[in-house]
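Residue-level listing of the chains:
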Amino acid sequence: MKSIVQGRPAASRGRSGLRSPVAYLLILPAILIFLVFTIGPTVFTFIVSTFKWNWLNPDQNKFVGVANYQMLVDGSQDPPFAATLLTSGYFVVAMVVGGTAISLALAMLLRKAGRINVAARTAVFLAHVTPLVATSIVWVWIFNPRFGLANLVMSWFGIPNIDWLGNSRFAMPAVIIYSLWHEIGFTTVIFLGGLTTISTELAEAARLDGCNAWQEFWNVTFPQLRPVVIFVIVVSSVASLQAFTQFFMMTGGGPGFDTATLGFQLYQQAFVFRKTGYAAALAVVLFGITVALSILQLRTTRSLGRNA
Amino acid sequence: MSPTTGTQTNAQAIRSGRLTRPLRIAGGRTWRTPGNPHGRVGRLLQPAAAVAVGLLFLIPILWMLITSVASDADVFTFPPKLWPAWDFSNYAKAWGKSPWLTYFGNTVLIAGSVVLLVLITSLLAGFAFALMRFRGKGVLFLLVMSAMMVPQTVLLIPNFIIAQKLGWYDTYLIQIVPWGASVFGIFLLRQFFLTLPKELFEAAEMDGAGPFRMLFSVAAPLAAPSLVLVALNSFMGSWNAFVWPYIMTKSDAVRPIEVGLQAFYGTEGTDWTGLCAAVSFTTLPIIALFLFLQKYFVTGVYGTQGSVRG
């Protein structure tokens, strides 16, 4: 504040206003919050994962080295870690492949301006802004085995009532349908943004050359959109890997452990079964996968910046 | 004969400026060739498909509203009745069964405080990282960015322990302070400040302005649109948060609306008319907010593209 009072001398010292220790004061609140509640706890998770952690009495915490990680590998836990990974893989692959394909198709369909398209975009994005707890409840009702809307649709095709969320074959597809409904608005908007940056002249030229719509999309539009596609794939892998609330609300990880994904298992092992050390080992694995994907994301974002 | 070859020829032609005119024929109508479905049929099909997609995505929300005004007799039949009895008493019934006002108040208090903190921390840190020079800036910025890589579920276990050590378990504080800084916010503000012309600050410096005055009287007012984005992003995140407040609290007095809704679902799990009424009155405020501020929501998505999600 001195420089304001003194005026001239401050200016003569050159860029003193912006080269000032005040900078540390400005970043302090943010850095402090991240250190205490994000970065510190992440390190702490690694420590907890090497302990047999006693929930009620921390004095009885016992260092066990890599024993919790051994439990991951030897499959001694219920459900075995490999099964959890497979369940997560099922969900992530379905969300990434289905979400990317559908939202790209919707973006292509709704890319032109106009009242109807704008209204349809609003409807698609509206699903994304609804709270997961709230709309999960609505979809549990839609998937109701006796009175649900989903079974009404099935009955039109002559299919008898399905116990969607209680049947090990249909529970995961049902959660995936809900999650696609919820997430597609976000990725569609990203694709719509990507489409505005690509050249329409090339597409018109392709048409002039006699390309049909599919050839035009596959050979002209898609290659230009590739960085956006990669970005969407990475973002939706990270998001679906961490999905929790819809599983908590719709299936509780069941039936059995059929929908117990990595994120859900982490919660269940830590806060229901109270196996904190083992859950921390799961958290370390989840963290590792997320870091790998985030690094991929940073790279693609950088290439996005170059192209867009 | 592959279409790609033809395209590239044309593309080169376009770049050289030769083909720009013949691409459109007189009257401004787009050139169409045989085999191109963007013709008459396409012009009718596209709006029909757009309407169908829009309706498909709205059906769950419409179904929630319909069930919320259905009678119990309407609900427990198959096939389900698509036209309800318009029984609005479900709302009163659901409203009377839980401390909804407390939940709403808590959510507004928590989300409001988070937004305020995030705006302050993002503005300060975004300014420093964009425009100021200090030792360790690169490392510290990397530290901030690395925070985005940590999934929330990973943080649950250690923060649950930290919350108890601090005596913050089952308080507002544990729901507010940890979310008071946002990587998205800092990144977005930094990006914005980087776009401002250097002369702006050089002029202020010549006048002898210190960093605080530059920040609050020059930079902050210009950043208003970015600040709206950051505020909206934090507000939505805070309103929709579930697992964190669910784990970190236990009493209704401090619990937010989504946790309250989950508890209501737990106790009233088969009262579908009452449940849909509760889902409606807890979700319609968010839907209304979205419809009013749609423009910002969409810009927010593009904002995340440049940095991180959430």
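Rules of the game
- Residues numbered from 1 in each chain as written.
- Chains lettered and ligands numbered in written order.
- Predicted model: local features only at pLDDT ≥ 70, side-chain atom pairs only at ≥ 80, totals over all residues.
- Heavy atoms only, no water.
- Helix = DSSP H or I, 4+ residues; strand = E, 2+ residues; numbered from the N terminus.
- Buried < 20%, exposed > 50% of the residue type's maximum accessible area, 1.4 Å probe, protein only.
- Contact = heavy atoms within 4.5 Å.
- Areas by Shrake-Rupley, 256 points an atom, 1.4 Å probe, with all protein chains shown as cover.
- Expected span 1.5 Å × (residues − 1).
- Axes fitted to C-alpha atoms, helices over the stretch in contact; angles between N-to-C directions.
- Parallel < 35°, antiparallel > 145°, perpendicular 65-115°, else oblique.
- Left-handed = near helix turned anticlockwise from the far one by under 90°.
- Buried area = accessible area lost by both parts, 1.4 Å probe.
- Salt bridge = Lys/Arg side-chain N within 4 Å of Asp/Glu carboxyl O.
- Polar contact = N/O pair within 3.5 Å; in protein donor to acceptor, adjacent residues only side chain to side chain.
- Nonpolar A, V, L, I, M, F, W, Y, C, P; charged D, E, K, R; others polar.
- Core = buried A, V, L, I, M, F, W, Y, C linked by side-chain atoms within 4.5 Å.
- pLDDT = per-residue confidence, 0-100.
- Patch = residues over 30% accessible without salt bridge, like charges linked within 9 Å, V, L, I, M, F, W, Y side chains within 5 Å.
- Phe/Tyr/Trp six-rings, centres within 6.5 Å; stacked < 30°, edge-to-face > 60°.
- Lys NZ or Arg CZ within 6 Å of the ring centre and 35° of its normal.

### Focus on the overall build of chain A
Along chain A, the regular secondary structure elements total 14 helices and 2 strands. The buried share among the 308 residues of chain A stands at 56%. In chain A, the proportion of contacts linking residues at least 24 apart, taken out of those at least 6 apart, comes to 66%. Total accessible area on chain A is roughly 13100 Å²; 65% of this is exposed by carbon and sulfur atoms.

### Some points on the overall build of chain B
Of regular secondary structure, chain B possesses 16 helices and 0 strands. Relative to its 310 residues, chain B shows a buried fraction of 51%. A separation of at least 24 residues holds for 72% of the contacts in chain B among residues at least 6 apart in sequence. Carbon together with sulfur atoms contributes 69% to the accessible area of chain B, which is approximately 14100 Å² in total.

### Considering the environment of A:G263
Within the element layout of this structure, A:G263 appears in helix α13 (residues 262–272). Remark: the alpha-carbon pair of A:G263 and A:T245, spanning 18 residues in sequence, is separated by 9.4 Å. Residues in contact with A:G263, not counting those within four places in the same chain, are A:L241, A:A243, A:F244 and B:T153.

### Overview of helix α11 (residues 211–222) of chain B
Because each turn of an α-helix spans 3.6 residues, side chains separated by three or four positions end up pointing in the same direction. The terminal C-alpha atoms of α11(B), which comprises 12 residues, lie 16 Å apart, in line with the 16 Å expected from a rise of 1.5 Å per residue. B:P211, B:M214, B:L215, B:V218, B:A219 and B:A220 are the residues of α11(B) that are buried. For α11(B), the elements touching its buried residues are α3 (22–48) of chain A together with α5 (100–131), α9 (183–195), α10 (198–206) and α12 (224–240) of chain B.

### Some details on the packing of helix α5 (residues 81–109) of chain A against helix α11 (residues 213–241) of chain A
Residue and element names in this part refer to chain A. Between α5 and α11, whose axes approach to 9 Å, the crossing angle comes to 140°. The orientation of α5 relative to α11 falls into the category oblique. Of the two elements, α5 crosses α11, and the hand of that crossing is right-handed. Taking contact as the criterion, the partners of F91, V92, M95, V96, T100, L104 and M108 in α5 are, on α11, F217, T221, F222, L225, V229, V232, I233, S236, S237, S240 and L241.

### Considering the side chain of A:N68
Relative to the helices and strands, A:N68 is located in helix α4 (residues 67–74). With sequence-adjacent residues up to four places away left out, A:N68 is seen in contact with A:V48, A:S49, A:T50, A:F51, A:G277, A:Y278 and A:A281.

### Looking at the interface of chain A and chain B
If you look at the interface, chain A gives 119 residues, while chain B gives 122 residues. Both sides together, the interface formed by chain A and chain B hides about 10600 Å², and carbon and sulfur atoms give 76% of it. Taken as a group, A:L18, A:F37 and A:W141 account for 8% of the area that chain A buries against chain B, more than any other trio of residues on that side. Viewed at the interface, chain B and chain A are joined by 0 salt bridges. Joining chain A to chain B, the criterion identifies 7 residue pairs in polar contact (both at pLDDT 80 or more). The element that contributes the greatest number of residues to the side of chain A that touches chain B is α3(A), accounting for 20 residues. A breakdown of the residues in the side of chain A that touches chain B according to their chemical character gives 79 nonpolar, 30 polar and 10 charged.

### Things to note about the side chain of A:S240
Tracing the backbone through its elements, the reader meets A:S240 in helix α11. Here A:S240 is in contact with A:F91, A:V92, A:M95 and A:V96, once residues within four sequence places are set aside.

### A word on the nonpolar core
With 181 residues, the main nonpolar core has A:F34, A:I137, A:F271, B:F127, B:F193 and B:F201 as its most contacted residues. Discounting chain neighbours no more than four positions away, the residues touching B:F201 are A:L18, B:F127, B:L131, B:L196, B:M214, B:V218 and B:A219.

### Brief notes about the confidence of the model for chain B
All names here are of chain B. Model confidence for chain B is summarised by a mean pLDDT of 82, while 84% of its residues fall at 70 or above. Segment residues 1–37 is flagged for pLDDT under 50; beyond a separation of four residues in sequence, or across chains, it makes 45 contacts in the model. Here residues 306–310 is a poorly scored stretch, pLDDT under 50, and it has 17 contacts once near neighbours within four places are set aside; other chains count.

### As for the pattern of salt bridges
Residues and elements named next belong to chain B. Applying the stated criterion across every chain, the model contains 5 salt bridges over all chains. Between K81 and D74 there is a salt bridge; the shortest N-O distance is 3.5 Å. Take D74: its relative accessible area is 8%, and that puts it in the buried class. Put simply, D271 and K93 hold a salt bridge, and the shortest N to O gap is 3.2 Å. In this pair, D271 sits in the loop between α14 (257–267) and α15 (272–292) while K93 sits in helix α4 (residues 89–95), placing the two residues 178 residues apart along the sequence. Using a relative accessible area of 14% as the deciding quantity, one classes D271 as buried. When its relative accessible area of 29% is taken as the criterion, K93 is described as partly exposed. Look at the salt bridges and you will find they share partners, linking K93, K97, E268 and D271 into a network.

### A short note on a nonpolar patch on the surface
All names here are of chain A. Among the surface-exposed residues, L25, L28, L32, L35 and V36 lie close enough to one another that they form a single nonpolar patch of about 430 Å² accessible area. Turning to its location among the elements, L25 is positioned in helix α3. Residue classification places L25 among the exposed residues on the basis of a relative accessible area of 52%.

### Re the packing of α5(B) against α11(B)
Residue and element names in this part refer to chain B. Where α5 contacts α11, the axes come no closer than 11 Å and their chain directions differ by 110°. Overall, the two elements α5 and α11 adopt an arrangement that is roughly perpendicular. Where α5 abuts α11, its residues L123, L124 and F127 lie against P211, M214, L215, F216, A219 and A220. When the residues that make up the contact of α5 with α11 are grouped by side-chain class, the tally is 9 nonpolar, no polar and no charged.

### Notes on the packing of aromatic side chains
Aromatic rings in a pair are described by how distant their centres are and how their planes are angled relative to each other. Going through the model one piece at a time under the given rule, you end up with 48 aromatic pairs over all chains. Look at A:F51 and A:W53: their rings are 5.9 Å apart centre to centre, the planes differ by 80°, and that puts the pair in the edge-to-face class. Note on accessibility: A:F51 and A:W53 belong to one class, buried. Cluster of aromatic residues (ring-pair linked, three or more members): A:F244, A:F248, A:F264, A:Y267, A:F271, B:F160, B:Y169, B:F242 and B:Y246. The positively charged end of B:R190 is found above the aromatic ring belonging to B:F141, 4.3 Å away from the centroid.

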